[in-house]
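# Summary of structural features
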Amino acid sequence: MKAWGVRLGLAAMVAALGVAGASASEPGYAVPHQIGFQTPVTEVDRYLVWFHNDILMPIITIISLFVLGLLVYVVWRFNEKVNPVPSKTTHNTMIEVLWTVIPVVILVFIAVPSFRLLTMELVVPPADLTMKVTGSQWHWNYAYPKDAGGFNFDSYMKDEKELKPEDLRLLAVDNEAVVPVNKVVKLEVTAADVIHSFIIQSFGIRVDAVPGRNNETWFKAEREGVYYGQCSKICGKDHAYMPIAFRVVSEDAYKAWVADAKKKFAAADGATQLAAADAAPRH
Ligand SMILES: [Cu+2]
């Protein structure tokens, strides 16, 4: 019995390691017990994760430990027993200059990569594909331009009963957006009713979808796969049930998909509106 227990324990450990290993190569969503970011698939997200992990976290850790150290020292050194006659000091020019100058230096040091990241995110390179993304209560609509098919479709979360074994609960959708790998995709993001927010963590993008406004963002995915996000602005009762799913495929697979989608969504265009109206109250 005992040997079995040990063997089961080992098997569980190996399985856990296996899962952890798989999650690194299959990064499009958060996995159980994950701490930190999903694996980046764009240059922008790689920079973003580096900025957070290698610049911000060490600074935050050092400052927290330093402040903790000061507190412990003060509690130990200046308590009533050890230090019965307190000092009446109210000013110390040297220390006041230091605690002003040092934080300024730290902030300037952080500002450099921070502005670099902002520039990477906000300066959109020449786009190979421009898509329009519209948030609605409670689904997304993806529109492809004339030269890329000229169709649009709604993307709804799959209900529990529609899920196939490989589908991720609360993330799988009926119609995924499909984009080519290694191409600059520009997204024009807006909303039809209230404010939503479009985010795909592996791409390092997050942009608010505001009615009457066109916000833009971009990504260039370097690996094929399906990458998920969720609406990130509380937009109503089904806010949690309007996931985002982008499938990144090869150029050939993308062309084949466009050819199919053109027929499927053009034929369904009138019907889509009706189906959307029918589907809206289903959650
Ligand atoms: Cu929303």
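This text follows the structure it describes.
Read on for a plain summary of the structure. (Residues numbered from 1 in each chain as written. Predicted model: local features only at pLDDT ≥ 70, side-chain atom pairs only at ≥ 80, totals over all residues. Heavy atoms only, no water.)

## As for the side chain of His 196
One can find His 196 in strand E6 (residues 196-200). Accessibility expressed as a relative area gives 0% for His 196, which makes it buried. Separated by 2.9 Å, the side chains of His 196 and Asp 193 make a polar contact. Leaving out residues up to four positions away in the same chain, His 196 has contacts with Gly 135, Ser 136, Gln 137, Trp 140, Ala 191, Asp 208, Ala 209, Cys 231, Lys 233, Cys 235 and Met 242. (Helix = DSSP H or I, 4+ residues; strand = E, 2+ residues; numbered from the N terminus. Buried < 20%, exposed > 50% of the residue type's maximum accessible area, 1.4 Å probe, protein only. Polar contact = N/O pair within 3.5 Å; in protein donor to acceptor, adjacent residues only side chain to side chain. Contact = heavy atoms within 4.5 Å.)

## Topic: the coordination of the copper ion
Ideal coordination angles are 109.5 degrees for a metal with four donors arranged tetrahedrally and 90 or 180 degrees for a metal with six donors arranged octahedrally. For the copper ion, the protein coordination sphere consists of His 196 (ND1), Cys 231 (SG), Cys 235 (SG) and Met 242 (SD), at 2.0 to 2.6 Å. For the copper ion, the four donor atoms in the first shell make angles of 96 to 126 degrees at the metal, a pattern classed as tetrahedral. Mapping the donors of the copper ion onto the primary sequence gives the spacing H-x34-C-x3-C-x6-M. With His 196 in strand E6 and Met 242 in the loop between strand E9 (225-230) and strand E10 (243-249), this pair connects stretches of sequence that are 46 residues apart. The exposure class of Met 242 is buried, given its relative accessible area of 1%. (Donors = N, O, S within 2.8 Å, 3.2 Å for Na, K, Ca; no water. Tetrahedral: all angles 85-135°; square planar, octahedral: opposite > 155°, others 65-115°.)

## Concerning the packing of helix H2 (residues 43-77) against helix H3 (residues 93-122)
Axis separation between H2 and H3 bottoms out at 10 Å; the angle between their running directions is 165 degrees. Classified by the interaxial angle, the pair formed by H2 and H3 is roughly antiparallel. In the packing of H2 onto H3, the handedness of the crossing is left-handed. Along its contact with H2, which presents Glu 43, Val 44, Tyr 47, Leu 48, Trp 50, Phe 51, Ile 55, Leu 56, Ile 59 and Ile 63, the element H3 presents Ile 106, Phe 109, Ile 110, Pro 113, Ser 114, Arg 116, Leu 117, Met 120 and Glu 121. (Axes fitted to C-alpha atoms, helices over the stretch in contact; angles between N-to-C directions. Parallel < 35°, antiparallel > 145°, perpendicular 65-115°, else oblique. Left-handed = near helix turned anticlockwise from the far one by under 90°.)

## Examining the environment of Glu 162
Inspection of the secondary structure assignment puts Glu 162 in the loop between strand E3 (152-155) and strand E4 (177-180). As a C-alpha pair, Glu 162 and Ala 172 span 10 residues in sequence and 9.6 Å in three-dimensional space.

## Observations concerning the side chain of Thr 217
Within the secondary structure, Thr 217 is located in strand E8 (residues 215-219). Thr 217 has contacts with Val 185, Lys 186, Leu 187, Ile 205 and Val 207, leaving out every residue within four places of it along the chain.

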